[in-house]
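A structural walkthrough
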Amino acid sequence: MTRRSLFTLIFLIACGRPPVVLGNDPVDPKLPTLRLVLFTPKGVDPPPNAQERLTQIAKYTEDFYIKWMTHWGYKPTQKHMFQWKPDGHVEVLFFQGDKGPTEYPDGSFRPAMMQKLAKQHNIPQNNNINWVFVYLGDPPARYDNFKGSGNSKAGGWAMANFDSSPGEIRTDRGIAEGFHDDFALKGCIHELGHGLGLPHIGPRLKRDLGNSLMGPINRIWRQYLGPKDQRGYLTEASAAMLYKHPLFSGTSKDRDVMPDVSLKSFQAQYDRTKKVATIHGQLVSQHKAHSVIIVDDMDNKPGDYWVRAYVGRVNEKGEFDVVLDELVDCGGTLRILFCFENGTTTGNGKTHGLQSAIEKPYRYTRKSHQFD
């Protein structure tokens, strides 16, 4: 490590920010950061439990994402998602608006607020991710406009309600268990998933892991699967999409590059006896992809939150094989995406996310799936 690298490392430790060292190099100066913000309207002060509760939320969120990414074999290089202070609390940026509680029906105030906070706290503008909790007062006051959007290149944002009700968020409890359900913890972390670039992805029922983070809301899930299942998990597909996001990879290298994509040798075979489809194909690109995602957008589904996603690794030749073992007796469309080493998830090499997917329609006739 050079003297300059050592100085940078000491400076970061002194500032209370967990350092990320890539080989012998210091923190990537262009690396995006994820920050928590608590917004209150004019005349409303943050509740006394704000700092402690947001720290609990941050700990739960880090544990959840890193645990499941590691579970699926996509272990992140970056171990901390948030900015942590030496006393063990998460960094929270507090901001009070200049209007009353009833004058904030949506998140239109967010861009201007983040510009002011970035200037006030001297935050490098690296297309960061901002997770905004809105506190309009103690219940029944509530901010209902939960939203989130983003991708690996542009950064992102998410917004959710801050509930000051008594309770505790604990890492040893299910994401929809007890007070977690009352607080809408899954909904909050779901919106952050959108801020990181994740689309809606439903649970794979055969895996019996509960509801998926990017799947249906708890109430709807329980209508279909029963009221006792309080579990939740990050799908393998979501883990693959996040694996090389700069927030988890610890590097911004080629972050602005949009990889070219060409799908060759696409083949789909269906085994009527096993009710399993095997998809084979080859990615041709100047850029390396580590995984392929195939989203089964079946016609007979309760809603977009229930699509099922399958994952395959892409080898050095760009080849992949994916097994679809939870097909429904109906037609639909396969939506194909590639997860690249620079963090980009794309199917057309032009835009990010599920809307860029390569589409392969299929039919269901005579008790068999037929792929084009």
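Quick note: structure is the one above.
Here's what I pulled together on the structure shown here.

Rules used throughout
Residues numbered from 1 in each chain as written. Predicted model: local features only at pLDDT ≥ 70, side-chain atom pairs only at ≥ 80, totals over all residues. Heavy atoms only, no water. Salt bridge = Lys/Arg side-chain N within 4 Å of Asp/Glu carboxyl O. Helix = DSSP H or I, 4+ residues; strand = E, 2+ residues; numbered from the N terminus. Buried < 20%, exposed > 50% of the residue type's maximum accessible area, 1.4 Å probe, protein only. Pairing = 2+ DSSP bridges. Axes fitted to C-alpha atoms, helices over the stretch in contact; angles between N-to-C directions. Patch = residues over 30% accessible without salt bridge, like charges linked within 9 Å, V, L, I, M, F, W, Y side chains within 5 Å. Areas by Shrake-Rupley, 256 points an atom, 1.4 Å probe, with all protein chains shown as cover.

Considering the pattern of salt bridges
- With the rule as written, the count across this model stands at 15 salt bridges.
- The salt bridge partner of Arg 207 is Glu 236, with a shortest N-O separation of 3.1 Å. Taken together, the residues span a long stretch of sequence, with Arg 207 in the loop between α5 (185–195) and β6 (211–212) and Glu 236 in helix α7 (residues 236–242) at a distance of 29 residues.
- Classification of Glu 236 by relative accessible area gives buried; the value is 17%.

Concerning the sheet that holds strand β12 (residues 319–324)
- Pairing in this open sheet of three strands is antiparallel, and the strands run β8-β9-β12 from one edge to the other. At either end of the open sheet lies a strand with only one pairing partner, and these are β8 (262–271) and β12. If you compare each strand with its neighbour and ignore which way they point, the axes differ by 15 degrees on average.
- In the sheet, β8 pairs with strand β9 (residues 276–284) via eight bridges, with the strands oriented antiparallel. Directly across from Leu 263, in β9, lies its bridge partner Leu 283.

Points about a nonpolar patch on the surface
- A surface patch of nonpolar side chains, amounting to about 290 Å² of accessible area, comprises Leu 205, Tyr 224 and Leu 225.
- Of note, Leu 205 is situated in the loop between α5 and β6.
- Classification of Leu 205 by relative accessible area gives partly exposed; the value is 38%.

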